[in-house]
Amino acid sequence: MTSAQVKTDDTPEEGYERGLGSRQVQMIAIGGAVGVGLFLGAGANIAKAGPSLIFMYALAGVIIFFIMRALGELLLYRPVSGSFAEYSREFLGPFFGYFTAWTYWLMWVVTGMAELTAAAIYVNYWFPAVSQWVTALAFLVILFVANLISVKLFGEIEFWFSMVKVTALIGMIVIGLGVLTFGFSSAGDTASVANLWQFDGFFPKGIGSSLMTLQGVMFAYLAVELVGVTAGESENPEKTLPKAINTLPWRIALFYVGALTVILCVVKWTEFAPGVSPFVEAFAKIGIPAGAGIVNFVVLTAALSSCNSGMYSTGRMLRTLADNGEAPKVFSRLSASKTPATGITISVAFMGIGVVLNYVVPEKAFGYVTSVATAAGIWTWLMILISHVLYRRAVDAGRLPASSFPAPGGAKFSYVAIAFLLFVTGLIAYDPDSRVCLYVMAGWTVALIGGWIALKVRDPQVTERCEPEFEKVG
């Protein structure tokens, strides 16, 4: 019996409230493509790569679209809240489902730490005397309470957070184009499309230096896969999920490539520095009254939005693990409001480590956690792609039904994306500043293998509950 046969009958509701409407799922998808990696992390990457960062975002954006179309095909084959962890379990075996779910949980816990750090940095713009850890703790508690109340409240908060980000980014692009076209403000005297190449060229520090920014670029795209986790709580996943995924290319083109192109035309790349949002810096130079403060508020909402999403997804992943006997059963319980309250609470407690980091090493906290989150995210994306390849093989062999949302080119682009992610992993290993995350992931892997062995001793059937697709294909 395959895991698909086991799961099909009990996955339509899974006990969750289908409280996320089309409006909210669409905005969650849009907001997932716009986060602190762009708003804050782009400053350091511009300093490393100059205008070529635009090309890096475009290149990575194409790969992200391949990943999301692969996920979309799987989601419409079998929409479940466990999403890619469930597909890893079905197509690669129980251990990979267990490993992917726990690693995705780690990714969001660590991303939550990064977002809390970023939010605290943004608040320091207005209140420099307030310690980063105090602000981080306050935001952690507020979002925690909101996530416990109901999925509808989560969806509504995420909708408005995303609305602020999207509206502001469009406004930034329009104002930047206005500066370029009409030359108003002091920035208009030097604003020019030629800024993209006249300061030591489009690749001012060489292609190698530009490629080394891919780690930070990929971190900026973390969360696009969150739309898959919403499948079990979407009112009409067959309609809303394809629409959310198919609009990804224009979101990337507008919010990443478009916004960065305009910013780097308005202000030459040599004026940006690590640790400072290029958007805040650009509006400060344009000289619009309160402009920098407004942009700072927008990037603050971006950080809180991502942290909010992290709390949502970690609770769901812990419940998936508990339902499969791979985490304490207490995590499978739903509260009266049909939220996995226990899982959310434990996840928030671990996110609190970010508050400690902001107290101990406030200047390094962001860099530490983003590298670990990126490594965990790459693993998640690889599992989506490999599961998709194996699913297409099973469909071609007549063992599984075809999805109503097939990825263009079948599995071909999944192979391309797999090769790209392995290349980025190699870059991470090459960079002495980022390879620490691989050490963390190695330790994480050892811990999970130890946990799996303990599970097998306690319940031998845990490793025998489904026949993975790769065994059938082989």
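Trainee: Outline the nonpolar core, listing residues and values.
Mentor: The tendency in soluble globular proteins is for nonpolar side chains to be buried as a group. If you look at the biggest cluster of nonpolar residues, it comprises 147 residues, and the most contacted ones within it are Tyr57 and Ile64. At 18 residues, helix H7 (residues 94-126) tops the list of elements feeding residues into this core.

Trainee: Any chance you could break down the packing of helix H5 (residues 53-77) against helix H11 (residues 214-221) for me, citing the residues and the numbers?
Mentor: For the pair H5 and H11, interaxial distance at closest approach is 10 Å and the crossing angle is 50°. In terms of orientation, H5 lies oblique with respect to H11. At the point where H5 passes H11, the crossing takes the right-handed sense. Of the residues in H11, those in contact with Leu53, Met56, Tyr57, Ala60, Gly61 and Ile64 of H5 are Leu214, Val217, Met218, Ala220 and Tyr221. Each residue belonging to the contact of H5 with H11 can be placed in one class, and the counts come to 10 nonpolar, 1 polar and no charged.

Trainee: Before we move on, can you summarise a nonpolar patch on the surface with the specific residues and values?
Mentor: Together, Tyr125, Trp126, Phe127, Val130, Trp133, Val134, Leu137, Val141, Val145, Ile149 and Phe297 line one region of the surface with nonpolar side chains, adding up to about 960 Å² of accessible area. Among the elements of the structure, H7 and helix H8 (132-149) are those that each provide at least two residues to the nonpolar patch. Ranked by residue count, the leading element in the nonpolar patch is H8, at 6 residues. Along the polypeptide, Val145 turns up in helix H8. Residue classification places Val145 among the partly exposed residues on the basis of a relative accessible area of 43%.

Trainee: Help me get a handle on unusual backbone geometry, residues and values and all.
Mentor: Here Asp200, not a glycine, exhibits a phi torsion of approximately 70°, which is positive. The residue Asp200 is located in the loop between helix H9 (151-182) and helix H10 (206-211) in this model.

Trainee: Which residues make up H11, and what values go with them?
Mentor: Where burial is concerned, most of H11 is hidden: 7 out of the 8 residues are buried. For H11, every residue scored as buried is listed here: Leu214, Gln215, Val217, Met218, Phe219, Ala220 and Tyr221.

Trainee: Requested: an account of the pattern of salt bridges, with residues and values cited.
Mentor: Per the stated rule, a full pass over the model turns up 4 salt bridges. In this structure, Glu90 engages Arg78 in a salt bridge whose closest nitrogen and oxygen atoms are separated by 2.8 Å. A residue pair is termed long-range when its members are at least 10 positions apart, and Glu90 in helix H6 (residues 84-92) and Arg78 in the loop between H5 and H6 qualify at 12 residues. There is no split in this pair, since Glu90 and Arg78 are both buried. Note that Glu326 is salt-bridged to Arg89, the shortest N-O span being 2.4 Å. Of the two residues, Glu326 is situated in the loop between helix H16 (291-323) and helix H17 (341-360) and Arg89 in helix H6; the sequence distance between them amounts to 237 residues. You can call Glu326 buried: its relative accessible area is 5%. Three or more residues are tied together by salt bridges with common partners; here these are Glu86, Arg89 and Glu326.

Trainee: Residues and numbers for the packing of aromatic side chains, please.
Mentor: Geometrically, a pair of aromatic rings is defined through the distance of the ring centres and the angle of the planes. If you walk through the whole model with that rule in mind, you get 21 aromatic pairs. Centroid distance Phe95 to Phe99: 5.8 Å. Interplanar angle 50°. Geometry classified as tilted. With Phe95 and Phe99 both in helix H7, this residue pair falls 4 residues apart, about one helical turn. A residue is classified by how much of its surface remains accessible, and Phe99, at 4% relative accessible area, is buried. Ring geometry for Trp250 versus Phe255: centroids 6.1 Å apart, planes at 55°, classification tilted. With a relative accessible area of 0%, Phe255 lands in the buried category. Three or more aromatic residues joined by ring pairs form one cluster here, namely Phe95, Phe96, Tyr98, Phe99, Trp379 and Trp452.

Trainee: Tell me what's going on with H7, and back it up with residues and numbers.
Mentor: Owing to its 3.6 residues per turn, the α-helix aligns residues three or four sequence positions apart on the same side. An ideal rise of 1.5 Å per residue puts 48 Å on 33 residues; H7 measures up with 49 Å between its terminal C-alpha atoms. Counting buried residues in H7 gives 27 out of 33 residues, a clear majority hidden from the surface.

Trainee: So, the side chain of Glu86: which residues are in play, and what are the values?
Mentor: Along the chain, Glu86 turns up in helix H6. The exposure class assigned to Glu86 is buried, which follows from its relative accessible area of 6%. A distance of 2.7 Å separates polar atoms of two side chains, one belonging to Glu86 and the other to Arg89. In this structure the side chain of Glu86 is engaged in a polar contact, spanning 3.1 Å, whose partner is the side chain of Asn324.

What counts, and where the lines are drawn
Every chain's residues receive numbers from 1 upward, in the order its sequence appears when written. Per-residue local features of the predicted model are confined to residues with pLDDT of at least 70, and side-chain atom pairs are confined, for both listing and counting, to 80 or more; whole-chain, interface and lining totals are unaffected and use all residues. With hydrogens and water set aside, each side-chain value is computed from the structure's full complement of heavy atoms. Side-chain atoms within 4.5 Å link the members of a nonpolar core, which is a set of buried Ala, Val, Leu, Ile, Met, Phe, Trp, Tyr and Cys residues. A 1.4 Å probe rolled over the protein chains alone gives each residue an accessible area, and that area as a share of the maximum for its type sets the label: buried under 20%, exposed over 50%, partly exposed in between. A run of DSSP states H or I qualifies as a helix once it reaches four residues; a run of E qualifies as a strand once it reaches two. Both are numbered from the N-terminal end. Axis lines are fitted to C-alpha atoms, over the contacting stretch for helices. Their N-to-C directions set the angle, which ranges from 0 to 180 degrees. The cut-offs work like this: below 35 degrees is roughly parallel, past 145 is roughly antiparallel, 65 to 115 is roughly perpendicular, and the gaps in between are oblique. Whether a crossing is left-handed or right-handed is set by the direction in which the near helix is turned from the far one by less than a right angle, anticlockwise for left-handed and clockwise for right-handed. Throughout, a residue-residue contact means that at least one pair of heavy atoms, one from each residue, lies within 4.5 Å. Gly is placed with the polar residues, together with every amino acid not listed as nonpolar (Ala, Val, Leu, Ile, Met, Phe, Trp, Tyr, Cys and Pro) or charged (Asp, Glu, Lys and Arg). Patch rule: a residue counts if its relative accessible area is over 30% and it has no salt bridge; like charges are joined within 9 Å, and nonpolar side chains (Val, Leu, Ile, Met, Phe, Trp, Tyr) within 5 Å. Throughout, the Shrake-Rupley method with a 1.4 Å probe supplies accessible areas, and for residues the shown protein chains are the sole cover considered. Whenever Lys or Arg places a side-chain nitrogen within 4 Å of a carboxyl oxygen from Asp or Glu, that contact is recorded as a salt bridge. Each aromatic pair joins two rings of Phe, Tyr and Trp (for Trp, the six-membered one) with centres within 6.5 Å, and gets the label stacked for planes under 30 degrees apart, edge-to-face for over 60, and tilted for any other angle. Expected span of a helix: the number of residues minus one, times 1.5 Å. In the analysis that follows, any N or O atom pair within 3.5 Å is treated as a polar contact, provided that within protein one partner can donate a hydrogen and the other can accept it, and provided that, for residues neighboring in sequence, both atoms belong to side chains.

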